Amino acid sequence: MNMLVCVKQVPDTTEIKIDPVTNTLIRDGVPSILNTFDGYALEMAARIKDKDPSSKITVVSMGPPQAKAILQECVAIAANKGYLVSDRAFGGSDTLATSYILSEAIKTLEEKEGKFDIIFCGKQAIDGDTAQVGPEIAEHLGYPQVTYGLGAEVDGDIVKVKKEVDDGVEIIGVKMPCVITATKPDFDPRYPTIKSKMAARKAEYPVLSAADLTTIDLERAGLKGSPTKVKKTFVPQKKTGGIKIKEETAEESVNKLIDALTAAKVL
């Protein structure tokens, strides 16, 4: 089984603060971490590898040079190899351009690592929350996809995916090659060992630039290939005022609410 996991380095959103003057994110001193949902995706691949030790896991990330740190983390946890997709021509890419670049990188990696049976992605990045890149990769590659995965099990040339739905869980069978996006399951990702951390530090993490992606159309990458335009960002102002109604009984609370709405000429 040959698997690929797409991962992203993101700022730790529990540490992010807002500048009250500029209303922009204060990134200085904010640590970067492996995107939470990508960690779940890696764990799903690792559980398949547990059942079939001959399986191989490759991780790929698109980002600046410092993103190699999360590739090293992933190799320490469960992956066999890690590749970084990085080039100034990719700067400013929105989700459409990012998914296109990654799909081209996947085609290049398959020339080195062989055809990928399953491509795992986190359902979304915690710094953007768009949940678009994984499904868009599937569309670029023409692969079937299952989103909101809670777990995956291989059965012949079919992957049985436990999928989260509004009213519970469904089991969906999808033929390989395919793309699966992971949401939060009922298990936690595993931790690396001291031995695996040491091995990951010694590993090499090749960088794929635009020149390495021989079939890429750079008009579809970076700012040129990004139809999304951000005009303005701001922090909503906290509203003040209002009243809190909490009487001894629900009936008394309702009557007081009606009186307040009538006095305000809402009713």
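That block above? That's the structure.
Residues numbered from 1 in each chain as written. Predicted model: local features only at pLDDT ≥ 70, side-chain atom pairs only at ≥ 80, totals over all residues. Heavy atoms only, no water.

A. Layout of the overall build of the protein chain. Scanning the protein chain from terminus to terminus reveals six helices and 13 strands. In the protein chain, buried positions account for 42% of the 267 residues. Contacts in the protein chain between residues at least 24 apart in sequence constitute 69% of all its contacts with a sequence separation of at least 6. As displayed, the protein chain offers around 15600 Å² of accessible surface, 52% of which is attributable to carbon and sulfur atoms. Side chains of the protein chain give 35 positive and 38 negative charges; the mean places of these two sets differ by 4 Å. (Helix = DSSP H or I, 4+ residues; strand = E, 2+ residues; numbered from the N terminus. Buried < 20%, exposed > 50% of the residue type's maximum accessible area, 1.4 Å probe, protein only. Contact = heavy atoms within 4.5 Å. Areas by Shrake-Rupley, 256 points an atom, 1.4 Å probe, with all protein chains shown as cover. Lys, Arg positive; Asp, Glu negative; His and termini not counted. Charge placed at Lys NZ, Arg CZ, Asp CG, Glu CD.)

B. Structural detail: the sheet that holds strand β1 (residues 2-7). Pairing is mixed in the open sheet, where nine strands are placed in the order β11-β10-β9-β12-β8-β1-β6-β7-β13. Of all the strands in the sheet, the pair left with one neighbour each is β11 (168-175) and β13 (207-208). In this sheet, strand β7 (residues 81-85) lies alongside strand β6 (residues 56-62) in parallel orientation, the contact comprising five bridges. Note that in β7 the partner of V59 across the bridge is G82. (Pairing = 2+ DSSP bridges.)

C. Structural context of the packing of helix α2 (residues 68-77) against helix α5 (residues 194-202). In the contact formed by α2 and α5, the axes pass within 8 Å of each other and the chain directions differ by 140 degrees. With respect to their mutual orientation, α2 and α5 come out oblique. The crossing of α2 and α5 is right-handed. Residues Q72, V75 and A76 of α2 touch α5, and the partners they reach there are S196, K197, A200 and R201. A class-by-class count of the residues in the contact of α2 with α5 yields three nonpolar, two polar and two charged. (Axes fitted to C-alpha atoms, helices over the stretch in contact; angles between N-to-C directions. Parallel < 35°, antiparallel > 145°, perpendicular 65-115°, else oblique. Left-handed = near helix turned anticlockwise from the far one by under 90°. Nonpolar A, V, L, I, M, F, W, Y, C, P; charged D, E, K, R; others polar.)

D. A look at the pattern of salt bridges. If you walk through the whole model with that rule in mind, you get twelve salt bridges. Where E110 meets K115, a salt bridge forms, and the shortest distance between an N and an O atom there is 3.8 Å. Here K115 falls in the partly exposed class, since its relative accessible area comes to 49%. Taken together, the salt bridges that share partners define one network made up of E43, R47, D50 and R190. (Salt bridge = Lys/Arg side-chain N within 4 Å of Asp/Glu carboxyl O.)

E. Main features of the nonpolar core. In terms of nonpolar packing, the biggest core is built from 41 residues, with V5, L42, I57, I118, F120, V159 and I180 touching the most fellow members. Listed by contribution, the elements that provide at least two residues to this core are β1, α1 (36-51), β6, α2, β8 (118-122), β9 (145-155), β10 (158-165) and β12 (178-182). Ignoring any residue separated from it by four or fewer positions in sequence, one finds F120 in contact with M3, L4, V5, C6, A41, M44, A45, I48, A152 and I180. Formed by 26 residues, the second largest nonpolar core is a distinct cluster that contains A138, L141, L208 and A210. (Core = buried A, V, L, I, M, F, W, Y, C linked by side-chain atoms within 4.5 Å.)

F. Just the packing of aromatic side chains, in detail. Tallied over the entire structure, the rule returns one aromatic pair. A centroid spacing of 6.0 Å and a plane angle of 70 degrees characterise the contact between F37 and Y40, whose relative ring orientation is edge-to-face. You can see F37 and its partner Y40 sitting in helix α1, three residues apart, about one turn around the helix. Under the relative-accessibility criterion, Y40 is labelled buried at 8%. Just above the ring of F187 sits the side chain of R47; from NZ or CZ to the centre is 3.7 Å. Sitting above the plane of the Y100 ring, R220 keeps its charged end 3.9 Å from the centroid. (Phe/Tyr/Trp six-rings, centres within 6.5 Å; stacked < 30°, edge-to-face > 60°. Lys NZ or Arg CZ within 6 Å of the ring centre and 35° of its normal.)

G. Geometry of the packing of helix α3 (residues 95-113) against helix α4 (residues 133-141). Interhelical geometry of α3 versus α4 gives an angle of 55 degrees and a closest axis separation of 8 Å. It follows from the interaxial angle that α3 and α4 lie oblique. The crossing of α3 and α4 is right-handed. Listed contacts from α4 to T95, L96, T98, S99, Y100, L102, S103, I106 and K107 of α3 are V133, E136, I137, H140 and L141. Residues of the contact of α3 with α4, tallied by class, amount to seven nonpolar, five polar and two charged.

H. Spotlight on a nonpolar patch on the surface. Taken together, the side chains of V254, I258, V266 and L267 make up a nonpolar region of the molecular surface, amounting to roughly 380 Å² of accessible area. The residue V266 is located in the segment after α6 (250-263) in this model. (Patch = residues over 30% accessible without salt bridge, like charges linked within 9 Å, V, L, I, M, F, W, Y side chains within 5 Å.)

I. Highlighting the pairing of β10. Of the two faces of β10, the one lined by V159, V161, K163 and V165 is fully buried and the one lined by I158, K160, K162 and E164 carries no buried residue. For β9 and β10, the ladder comprises six bridges, and the chain directions are antiparallel. Each bridged residue has a counterpart across the sheet, and for D155 the counterpart in β10 is I158. Hairpin connection from β9 to β10: two residues lie between these consecutive antiparallel strands, with G156 at a positive phi of about 70 degrees.

J. Representation of the environment of Y148 in the model. For Y148, the position within the fold is in strand β9. Y148 has contacts with K123, K162, K163, E164, T181 and T183, leaving out every residue within four places of it along the chain.

Taken by themselves, the reported measurements are silent on function.
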